[in-house]
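These are the residues of each chain, in order.
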Amino acid sequence: MKTINVGLLGLGTVGSGMLKVFQEHVELLDRRVGAKLRIKKIAVRRLPPRIPVDARLLTTDALEVVRDPQIDIVVELIGGTTVARTLCLEAIANGKHLVTANKALLGEHGLEIYRAAAEKRVDLGFEASVCGAIPIIRSVKDGLVANRILSFMGIVNGTTNYILTKMTETGQAFASVLAEAQAQGYAEADPTLDVGGIDAAHKLQILASLAYGGYIRFSDIYIEGIQNVEATDIEFARELGYRIKLLAIAKEDHGELEVRVHPTMIPETHLLASVGGVYNAVHIRGDSCGSLMFSGRGAGQLPTASSVVADIVEIAHNIVYHRPARAGLLPTSAAGGEITLRPMERIASRYYLRIMAVDKPGVLSKVSGVLGENSISIASMIQKGRDEAAAVPIVMLTHAAVEGDMRRSLQRINTLDVVAQETTCIRVEGVED
Ligand code: HSE
């Protein structure tokens, strides 16, 4: 039986999980691959490592792993976009097949990595970079390859889903739920990437580039995090029959693609609305397959290791059966050719507005007048409370409107003398107009 050697870069949470899966399933994996899969070397930042490992496998020199002529597959689990980038490119340059869970690296430097892999004709596996255990990359690349993807909407960040779910269940404010999540280890000490929507945008960049067959620049993705979502909006959303989720959205319409990450109101009956806590889910519509939803654990040691090992097995299988690398399926050409991105100003959406206004005659006509002048039609409205001295919330849902029109309206509404503070605006998806 042929032996296929794997070199591992990084022995943190996912790296340890990967070793665990390898140790527990060694016979099963060998049988499935048709070869002996063995870990040949592991690069760690410092010795001793956090878990007990055969000392003969360890090195603190990562280059030793990526340049080892006996290693067939390099697995990068270091994270970050600096050292990891250099090592991944070096591994590819040395003809190694590469597996990575690094969403930031692919989200920001993917084109360079995809092109290098295609040029060197090596396989590149990155299932673990998006939605942990969910085989979403494989589904988009293989299972749904016959479809034109009309849209996908995903809850692709577990931390923000946990925070929004907790805010919905308890009525607590964002800051207090975040502090609790950090204390319990659900949120990072520096939560900026998660709560700011950056992590979700990295995953959207990877998925949308694959689904639409052209490399989308990370800087072209519109990003809004959940920091400004208030408990009161979650409550109003619930009263109106909606939930607020941080969604990564890609939609094709008349030859243009929208790519955006922002807090979104979806009907409570939508499949995504029931995905709570740290769970992830992606809802896809394809022209032949119809609607599909994938859900599961988007992070964690073993769920992420499950996807890393799946990539290793697939590549090992390709090696055993002398199948050429499938780099042709990677988005190696930049968007602009096949894909035209729609600027945010021109997207259409329904909107939720919470206007804090003084409770005086004529306020509604001023607000609705501005919306009407900008071709925005109101679908429903609630006003809560009565207080002539202070501002009260006026909540509106609009019919589909163009973002640019909404932005112009908000600028005008916020300067009305009857409006006391900046208006909250949340896009609404998943409703037929
Ligand atoms: N920080 C990510 C999340 C981890 O919260 O989903 C998985 O990519």
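Small disclaimer: the values here were computed from a predicted structure and weren't measured.

(A) Spatial organisation of the domain arrangement of the chain. Partitioning the chain into structural domains gives domain 1 (3-132 + 301-329), domain 2 (137-297) and domain 3 (348-428). Contact residues are listed per partner, giving 16 residues for domain 2 and 14 residues for domain 3. Seen at the junction of domain 2 and domain 3, the total is 3 salt bridges. With a shortest N-O distance of 2.6 Å, arginine 354 and aspartate 233 are connected by a salt bridge. Put simply, domain 2 and domain 3 have 6 residue pairs in polar contact (both at pLDDT 80 or more) between them. Among the secondary structure elements, those contributing two or more residues to the side of domain 2 that touches domain 3 are α11 (231-239), β9 (242-253) and β10 (256-267). At 6 residues, β10 tops the list of elements feeding residues into the side of domain 2 that touches domain 3. Counted by class, the side of domain 2 that touches domain 3 contains 7 nonpolar, 3 polar and 6 charged residues.

(B) Seen up close, the site of the ligand. In the region of the ligand, the neighbouring residues are Lys103, Asn157, Gly158, Thr159, Asp194, Asp199, Lys203, Gly298 and Ala299. Between an oxygen atom of the ligand and a main-chain N or O atom of glycine 158, the distance comes to 2.7 Å. If the ligand stood free it would expose 260 Å²; the protein chains cover 82% of that surface. A breakdown of the residues in the shell around the ligand according to their chemical character gives 1 nonpolar, 4 polar and 4 charged.

(C) Region of interest: the pattern of salt bridges. Summed over the entire model, instances satisfying the criterion amount to 34 salt bridges. Close ionic contact of arginine 67 with glutamate 90 constitutes a salt bridge, the shortest N to O distance being 2.8 Å. Taken as a pair, arginine 67 in the loop between α3 (62-66) and β4 (73-76) and glutamate 90 in helix α4 (residues 83-93) lie far apart in primary sequence, 23 residues in all. We classify arginine 67 as partly exposed; its relative accessible area is 45%. Overall, the relative accessible area of 22% leaves glutamate 90 in the partly exposed class. Each of Lys251, Asp253, Glu256, Glu258, Arg260, Arg342, Arg346 and Glu429 takes part in a single network of salt bridges with overlapping partners.

(D) Main features of unusual backbone geometry. With an omega of -5 degrees, the peptide bond running from leucine 47 to proline 48 counts as cis. Structurally, proline 48 is set in the loop between β2 (36-43) and β3 (58-59). A positive phi is found at cysteine 131, a non-glycine position, where the angle reads about 60 degrees. By relative accessible area, cysteine 131 is classed as buried at 1%. We note that histidine 254 has phi near 50 degrees; this positive angle belongs to a residue other than glycine. Tracing the sequence through the fold places histidine 254 in the loop between β9 and β10. By relative accessible area, which is 77% here, histidine 254 ends up exposed.

(E) Seen up close, the side chain of glutamate 256. Mapping glutamate 256 onto the fold places it in strand β10. By relative accessible area, glutamate 256 is classed as buried at 16%. With residues near it in sequence (within four places) discarded, glutamate 256 still touches Lys251, Thr340, Arg342 and Arg346.

(F) Layout of the packing of aromatic side chains. Counting across every chain of the model gives 3 aromatic pairs. Each ring, one from tyrosine 114 and one from tyrosine 215, has its centre 6.2 Å from the other, and the planes form 75 degrees; the classification is edge-to-face. Highlighted residues: tyrosine 114 in helix α5 (residues 103-120) and tyrosine 215 in the loop between α10 (198-212) and β8 (222-223), separated in sequence by 101 residues. Taken individually, tyrosine 114 and tyrosine 215 each receive the classification buried, so the pair is uniform in this respect. By the ring-pair criterion, three or more aromatic residues cluster together here, those being Tyr114, Phe126 and Tyr215.

Quick notes on the rules
- Residues numbered from 1 in each chain as written.
- Predicted model: local features only at pLDDT ≥ 70, side-chain atom pairs only at ≥ 80, totals over all residues.
- Heavy atoms only, no water.
- Domains from an automatic or database assignment.
- Contact = heavy atoms within 4.5 Å.
- Salt bridge = Lys/Arg side-chain N within 4 Å of Asp/Glu carboxyl O.
- Polar contact = N/O pair within 3.5 Å; in protein donor to acceptor, adjacent residues only side chain to side chain.
- Helix = DSSP H or I, 4+ residues; strand = E, 2+ residues; numbered from the N terminus.
- Nonpolar A, V, L, I, M, F, W, Y, C, P; charged D, E, K, R; others polar.
- Near = heavy atom within 4 Å.
- Areas by Shrake-Rupley, 256 points an atom, 1.4 Å probe, with all protein chains shown as cover.
- Buried < 20%, exposed > 50% of the residue type's maximum accessible area, 1.4 Å probe, protein only.
- Phe/Tyr/Trp six-rings, centres within 6.5 Å; stacked < 30°, edge-to-face > 60°.

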